[in-house]
Amino acid sequence: MRYLLKRLVTTVLVLGGVSILTFSMTALTPGDPAVAALVEQTGHQPSEETVVAFREQHGLNEPFPVRYADWAIDTLGGDLGQSYSSEQTVASMIGQRLPNTVELAAASMVIAIAIAVPAGVASAVNPGGRVDYAAQFGALVGVSMPNFWLGYLLIIVAALWLDLFPVAGSGGLDHLVLPAVTLGSGMSAVIARLVRTTMLDVLDAPYIRTARSKGLRERIVVYKHALRNALVPVVTIAGLQLSYVLNGAVVVEAVFQRPGLGTLLVDAIFARDYPVIQGVTLLVGVIFVLTNLAVDLTYRYLDPRIDRRGEPA
Amino acid sequence: MSEDAANSAPHRPVGARWRRWYEALTTTRLTKLGAGLVCALFALAVFGPAVSPYDPAAQALAHRLEAPSLAHPLGTDQLGRDVLTRLLHGARLSLGIAIAVTAVRLSLGTAVGLVAGYVGGWVDEALMRLVDTLLAFPGIVLALVIAGILGPSLTNVMVALAVVGWASYARLVRSSVLSVREREFVTASRLLGRSRAHVLGRHLIPNVVAPVVVLATLDVGGVILGTAGLSFLGLGAQPPTPEWGTMLASGRNYLRTAWWLVNAPGVLIMLTVFGFNLLGDGLRDALSPTQSAHIEQL
């Protein structure tokens, strides 16, 4: 209980830090952010009056703490402000793009688990064997592969040569396959290593020895007894892969020209559309912090031993 | 120096530390492969550009998009430039950047981690909340935003990747310091009246070296992927520069006609990252078996 309370307080502090960091990044702009934004919009150096009007319109004349407080209060109420470069609000722009990214994340997670679980189990059943060696080698290759290259490789082979899937864009299920495979296979490498480790632990446990000594078939022991228990930490820790998904979505969406949060962020960066940049960055940070919290708490709940082992800082 | 080294807790004969590193690098076949790949890449980066007969920037429009041949082993690009030559120059760039960025991350993170772990109290509390905040973002997303706001350039990508990446070193070093700080040899040294600087330099720092080196080796691969990824998105090196990610991005319009333009840099990025990952994994298993779980969590 004390831990829970402490964890919640830290989370709130971190969320505060995330919002300050997100908001103050505008200050990194070389020169005046208002001028930089206007240059991107109009393509030429703005006049003095335009800059003054722009600052007035977007409330940029207030001192920094006041602007931050205004923004933070609006944000808590769900209002992320007005985009500089389009007529839409930031919240509605995010609302339009978010489902595409969630769809991609979910599909790639399914693919990742579909590859990782069998591979990890096969590795753990005979550690040090050929299958294990091949799977571990494959996992290392997967981790090392830049997903922008894997994306193009899939486009060349599956879309251009074999003509199985569309090259880019978004739409039905067929548009989802290549991006999800790109993102999912990289992720599967990390998860497979995890499945292997936890399976090795579980296969060593006394109840597995009991099951074996009862004369149960090896397949039943492995799949029914061991895997079920090994999957508990795996599923929770797979949640931590969210970082990989969010990092990867930025690049994969760019490769396949899918309208999602990643492409929204990249476009906003090039347009110097600060409210959009802040909105997306904040959302990503908040999602990530809350998932970590959820994973942490679930894990602790599922494995009470963690408490006694002492708490990682 | 040497008498002091003999006084520090883990008694090892002279040279044993180096032998330990050497053995760590040659224990398994995969680690040897990793070490070999990394050495080969450094050799290519150092000597390659001098050996190549082409200029990485010289355009030869008569030879645009030529398929791989004896004259151009990896073909030519949309401006008739030799792809292999550009990749070799890119190797110099990518390895240089990766090492520089990793060095900054390592120094900054180690310094913060040492201070937080050794000083403790509110300093520790404040520094760790900063670390938490930085680790609260997926790394590439945060680097992307920072580099983007600073303005597209390779230098800004380096700054962004360094700023974003030191936090995991700080966390690792802090926890190592916390676990060493209370050990007998540190207390003994303190009771002998040694200065803080002495305790840090002789006892704490040597004990965090192994895990930090392992993390850094694995991190080099990550930095290479990050640099290439941000350049691919258009935030890093700008077109005439032979940077791997930029080259890959400019090949996207020629996927059907000139497949080598995206695949040559792609394979090279993968081999490089693969080499560093193999090396890092091997070092981790050999040097700090107890730390491996910890490093994996980061």
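Residues numbered from 1 in each chain as written. Chains lettered and ligands numbered in written order. Predicted model: local features only at pLDDT ≥ 70, side-chain atom pairs only at ≥ 80, totals over all residues. Heavy atoms only, no water.

An unreviewed UniProt entry lists chain B under the name ABC transporter permease, with Haloferax marisrubri given as the organism. Under the Sequence similarities (unreviewed entry) heading, UniProt states for chain B: "Belongs to the binding-protein-dependent transport system permease family. OppBC subfamily." UniProt's Subcellular location (unreviewed entry) comment on chain B is quoted here verbatim: "Cell membrane". (UniProt positions renumbered as here; feature names shortened; annotations may be inferred.)

Looking at an unreviewed UniProt entry, chain A carries the name ABC transporter permease, with the source organism given as Haloferax marisrubri. According to UniProt, the comment filed for chain A under the heading Sequence similarities (unreviewed entry) is "Belongs to the binding-protein-dependent transport system permease family. OppBC subfamily." UniProt, in its Subcellular location (unreviewed entry) section for chain A, records the words "Cell membrane".

**Student:** Outline the packing of helix α4 (residues 83-119) of chain B against helix α10 (residues 196-232) of chain B, listing residues and values.
**Tutor:** All names here are of chain B. Their axes nearest at 8 Å, the elements α4 and α10 cross at an angle of 145°. In this structure, the crossing between α4 and α10 has a hand that is right-handed. Contacts between α4 and α10 pair Ser94, Leu95, Ile97, Ala98, Val101, Thr102, Arg105, Leu106, Thr110, Leu114 and Tyr118 from the former with Arg196, Val199, Leu200, Leu204, Ile205, Val212, Ala216, Asp219, Val220, Val223, Ile224 and Thr227 from the latter. Of the residues belonging to the contact of α4 with α10, the class tally is 16 nonpolar, four polar and three charged. (Axes fitted to C-alpha atoms, helices over the stretch in contact; angles between N-to-C directions. Helix = DSSP H or I, 4+ residues; strand = E, 2+ residues; numbered from the N terminus. Left-handed = near helix turned anticlockwise from the far one by under 90°. Contact = heavy atoms within 4.5 Å. Nonpolar A, V, L, I, M, F, W, Y, C, P; charged D, E, K, R; others polar.)

**Student:** Give a description of the UniProt feature "transmembrane region" (unreviewed entry) in chain B that names residues and reports values.
**Tutor:** Residue and element names in this part refer to chain B. What UniProt calls "transmembrane region" (unreviewed entry) maps, in this numbering, to residues 30-51, 93-118, 130-150, 156-173, 204-237 and 257-279. Each end of residues 93-118 is marked by a C-alpha atom, and these two atoms are 37 Å apart; helix forms 100% of the span and strand 0%. Its end C-alpha atoms 39 Å apart, residues 204-237 is made of 85% helix and 0% strand.

**Student:** How would you sum up the environment of Leu37 of chain B? Please name residues and give values.
**Tutor:** Residue and element names in this part refer to chain B. Mapped onto the elements of the fold, Leu37 is located in helix α3 (residues 29-51). Measuring from C-alpha to C-alpha, the distance between Leu37 and Leu278 comes to 9.3 Å, with 241 residues separating the pair along the chain. For Leu37, the contacting residues outside a window of four places in its chain are Leu271, Phe274 and Gly275.

**Student:** Kindly report on the domain arrangement of chain A, identifying the contributing residues and their values.
**Tutor:** All names here are of chain A. In terms of domains, chain A is made up of domain 1 (15-76) and domain 2 (97-302). On a C-alpha basis, the centroid separation for the pair domain 1 and domain 2 is 37 Å. Each partner contributes to the interface: domain 1 provides 15 residues, whereas domain 2 provides eleven residues. With both sides pooled, the region where domain 1 packs onto domain 2 buries about 1100 Å², and carbon together with sulfur makes up 72% of that total. For domain 1, the biggest contributors to the area lost against domain 2 are Leu15, Thr22 and Glu40; these three give 38% of the whole. (Domains from an automatic or database assignment. Buried area = accessible area lost by both parts, 1.4 Å probe.)

**Student:** Account for helix α11 (residues 242-255) of chain A, with residues named and values stated.
**Tutor:** Residues and elements named next belong to chain A. Here α11 contains 14 residues, and its C-alpha end-to-end distance of 19 Å stays within 8% of the 20 Å for a straight helix at 1.5 Å per residue. With 13 of its 14 residues buried, α11 lies for the most part within the structure. At the C-terminal side of α11, Gln257 shows a positive phi close to 45°. (Expected span 1.5 Å × (residues − 1). Buried < 20%, exposed > 50% of the residue type's maximum accessible area, 1.4 Å probe, protein only.)

**Student:** Outline the side chain of Arg258 of chain A, supporting the account with residue identities and numerical values.
**Tutor:** Residue and element names in this part refer to chain A. Structurally, Arg258 is set in the loop between α11 and α12 (261-271). Residue classification places Arg258 among the buried positions, given a relative accessible area of 1%. Within the structure, the side chain of Arg258 is placed 3.0 Å from the backbone oxygen of Asn100, a separation counted as a polar contact. Apart from the residues lying within four places of it in its own chain, the contact partners of Arg258 are Asn100, Glu103, Leu104, Gly169, Ser170, His175, Leu176, Pro179, Glu253 and Thr263. (Polar contact = N/O pair within 3.5 Å; in protein donor to acceptor, adjacent residues only side chain to side chain.)

**Student:** Please give an account of the confidence of the model for chain A that cites residues and values.
**Tutor:** Low pLDDT means the predicted coordinates in that region are not meant to be read closely. Residue and element names in this part refer to chain A. Here chain A averages 83 in pLDDT, and 93% of its residues register 70 or above. Of all the helices and strands in chain A, helix α14 (residues 305-308) carries the lowest mean pLDDT, 50, while α12 carries the highest, 91. Confidence over residues 307-313 falls short of pLDDT 50; this stretch has seven contacts with residues more than four positions distant or in other chains. (pLDDT = per-residue confidence, 0-100.)

**Student:** Please give an account of the interface of chain A and chain B that cites residues and values.
**Tutor:** Listed by partner, the interface residues are 48 residues for chain A and 48 residues for chain B. Where chain A abuts chain B, roughly 4300 Å² becomes buried across the two surfaces, and 77% of that area is made up of carbon and sulfur atoms. On the chain A side of the contact with chain B, Phe148, Trp149 and Tyr152 of chain A bury the most area, a combined 15% of that side's loss. For the pair chain A and chain B, the number of links is one salt bridge. Where Arg193 of chain A meets Asp281 of chain B, a salt bridge forms, and the shortest distance between an N and an O atom there is 2.4 Å. Looking at the side of chain A that touches chain B, the elements with two or more residues in it are α1 (2-24), α6 (130-144), α7 (147-161), α11, α12 and α13 (274-302) of chain A. (Salt bridge = Lys/Arg side-chain N within 4 Å of Asp/Glu carboxyl O.)

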